[in-house]
Amino acid sequence: MFVFGTIVLVLLSDKKTKEMSTLNGKVAVVTGGNSGIGYASAKELKEQGASVVITGRNAERVDAAASELGVKGIVADVSNLSAIDDLVEEVQSSFGKVDVLFVNAGIFQPAPVGQISEEMFDHQMGVNFKGAVFTTEKFIPALNDGASIINLSSVNAYTGMPNTAVYAASKAALNSYTRTAATELAPRKIRINSVNPGPVYTPIFGKTGMAEEDLNGFAEAMQDRVPLKRFGQPEDVAKLVAFLASDDASFITGGEYNIDGGINVNPLLS
Ligand SMILES: NC(=O)c1ccc[n+]([C@@H]2O[C@H](COP(=O)([O-])OP(=O)(O)OC[C@H]3O[C@@H](n4cnc5c(N)ncnc54)[C@H](OP(=O)(O)O)[C@@H]3O)[C@@H](O)[C@H]2O)c1
């Protein structure tokens, strides 16, 4: 009797999980999915039922993450437009049309005003703005009507945080593109939104070349300024991404969602 009851409970909870899998049958592409927020989001989208493709720059890192996640990995540098063309072609030939496009790949290269090099400007704009825009541009014909595009921006789009002038501009430009695209893609019921995280605990800061001591000092000072007194975790952002990807968000487009522990509303907190 007890065993029978347990089996019924397991079957019911499995049925509930499947009913709750809001992304069943959807195809999702996550750029920069081998690390940080992209990795956590690919995991969440898969857990919610989607077939997921992740991309990244480096074959070894992409393959390792794809096999950990049990998803398809494709190498595609978003700063190379023909690589995005190849990506679209490969995704379409393996999966058909796409329902969720998470434009997440990005880099952070801090530098003070007065010391911004052309190379640094081009690289950061090339990945965070041009790469993001052309990811969407090139995927548009491969999207199903009713698809959801999510652009990973930053609260920096609206702040004057030292050393972030070009990074912040790249994200502000992306949010501007998001608003116009929302209007123009609406006739196809394609939704496009921006997510603006505050500080999130990912490898991005370690890739800046800053010394570990400086990084730790920066992290401590930053954490102290967040009203909720912690960095976000990639999984926090992944939940929001999965919501915006789902049909539960079907009346949301052209929006921007801060996910930042409150830092945006209390810049004067010490
Ligand atoms: N962490 C934060 O506090 C924070 C806050 C606000 C916004 N964001 C944004 O969140 C997004 C994800 O960053 P993250 O924090 O998760 O950092 P991350 O762990 O460094 O992940 C970034 C991902 O983007 C990939 N990538 C970088 N350049 C690329 C390119 N040219 N082509 C394809 N893929 C590329 C990286 O691949 P590699 O492994 O090759 O580097 C990596 O997979 C970025 O757009 C970032 O600006 C982060």
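Below is a short write-up of the structure. (Residues numbered from 1 in each chain as written. Predicted model: local features only at pLDDT ≥ 70, side-chain atom pairs only at ≥ 80, totals over all residues.)

## Comments concerning the overall build of the protein
Of the regular secondary structure elements, the protein holds eight helices and seven strands. For the protein, the C-alpha radius of gyration of 19 Å lies close to 18 Å, the compact-globule estimate for 270 residues. Expressed as lengths along the three principal axes of its C-alpha atoms, the size of the protein is roughly 70 × 45 × 40 Å. Looking at the 270 residues of the protein, the share that counts as buried comes to 40%. Of the contacts made within the protein by residues no fewer than 6 positions apart, 72% connect residues no fewer than 24 positions apart. (Helix = DSSP H or I, 4+ residues; strand = E, 2+ residues; numbered from the N terminus. Rg over C-alpha atoms; globule rule 2.2 N^0.38 Å. Buried ≥ 20, exposed ≤ 12 C-beta atoms within 10 Å, placed from the backbone. Contact = placed C-beta atoms within 7 Å.)

## Describing the sheet that holds strand β5 (residues 143-152)
Across a sheet, paired strands are connected by hydrogen bonds in the backbone, their directions being either parallel or antiparallel. The strand order across the open sheet built from seven strands is β3-β2-β1-β4-β5-β6-β7, with neighbouring strands paired in parallel fashion. At either margin of the open sheet sits one strand with a lone partner, and together these are β3 (72-75) and β7 (256-259). For this sheet the average axis-to-axis angle between neighbouring strands, irrespective of direction, equals 20°. By the bridge criterion, four bridges tie strand β2 (residues 51-56) to β3 in an arrangement that is parallel. The residue of β3 that forms the bridge with T55 is I74. Contacts from helix α2 (residues 36-47) reach β1 (27-30), β2, β4 (98-103) and β5, with the element oriented near 170° to β2. Sheet strands touched by helix α5 (residues 118-139): β4 and β5. Its angle to β4, the strand with the most contacts, is close to 170°. (Pairing = 2+ DSSP bridges. Axes fitted to C-alpha atoms, helices over the stretch in contact; angles between N-to-C directions.)

## Notes on the environment of A182
For A182, the location among the structural elements is in helix α6 (residues 165-185). A sequence separation of 33 residues divides A182 from I149, and the C-alpha atoms of the two residues are 9.5 Å apart.

## Here's the deal with helix α8 (residues 234-245)
The terminal C-alpha atoms of α8, which comprises 12 residues, lie 16 Å apart, in line with the 16 Å expected from a rise of 1.5 Å per residue. Where α8 is concerned, the buried positions are P234, V237, A238, V241, A242, L244 and A245. Buried residues of α8, viewed axially, fall in a sector of 160°; they line one side. Where α8 is buried, its residues touch β1, α2, β4, β5, β6 (191-197) and β7. (Expected span 1.5 Å × (residues − 1). Arc of directions from axis to C-beta.)

## Points about the site of the ligand
Around the ligand, 31 residues are found, and the nearest of them are G32, G36, G106, T202 and I204. Breaking the shell around the ligand down by element, the ones donating at least two residues are α2, β2 and α5. Here the shell around the ligand gets three residues from one element, more than from any other, and that element is α2. When its residues are assigned to classes, the shell around the ligand shows 12 nonpolar, 15 polar and four charged. (Near = placed C-beta within 6 Å. Nonpolar A, V, L, I, M, F, W, Y, C, P; charged D, E, K, R; others polar.)

## A closer look at the packing of α5 against α6
Packed helices, taken two at a time, are described by the angle between their axes plus the distance between the axes. Running from N to C, α5 and α6 cross one another at 15°; their axes reach a closest spacing of 9 Å. In this view, α5 runs roughly parallel relative to α6, as classed from their interaxial angle. Two packed elements cross with a definite hand, and for α5 against α6 that hand is right-handed. For the pair formed by α5 and α6, the contact residues are M120, F121, Q124, M125, N128, F129, A132, V133 and T136 on the first element and V166, Y167, S170, K171, A173, L174, Y177 and A181 on the second. Counted by class, the contact of α5 with α6 contains 12 nonpolar, four polar and one charged residues. (Parallel < 35°, antiparallel > 145°, perpendicular 65-115°, else oblique. Left-handed = near helix turned anticlockwise from the far one by under 90°.)

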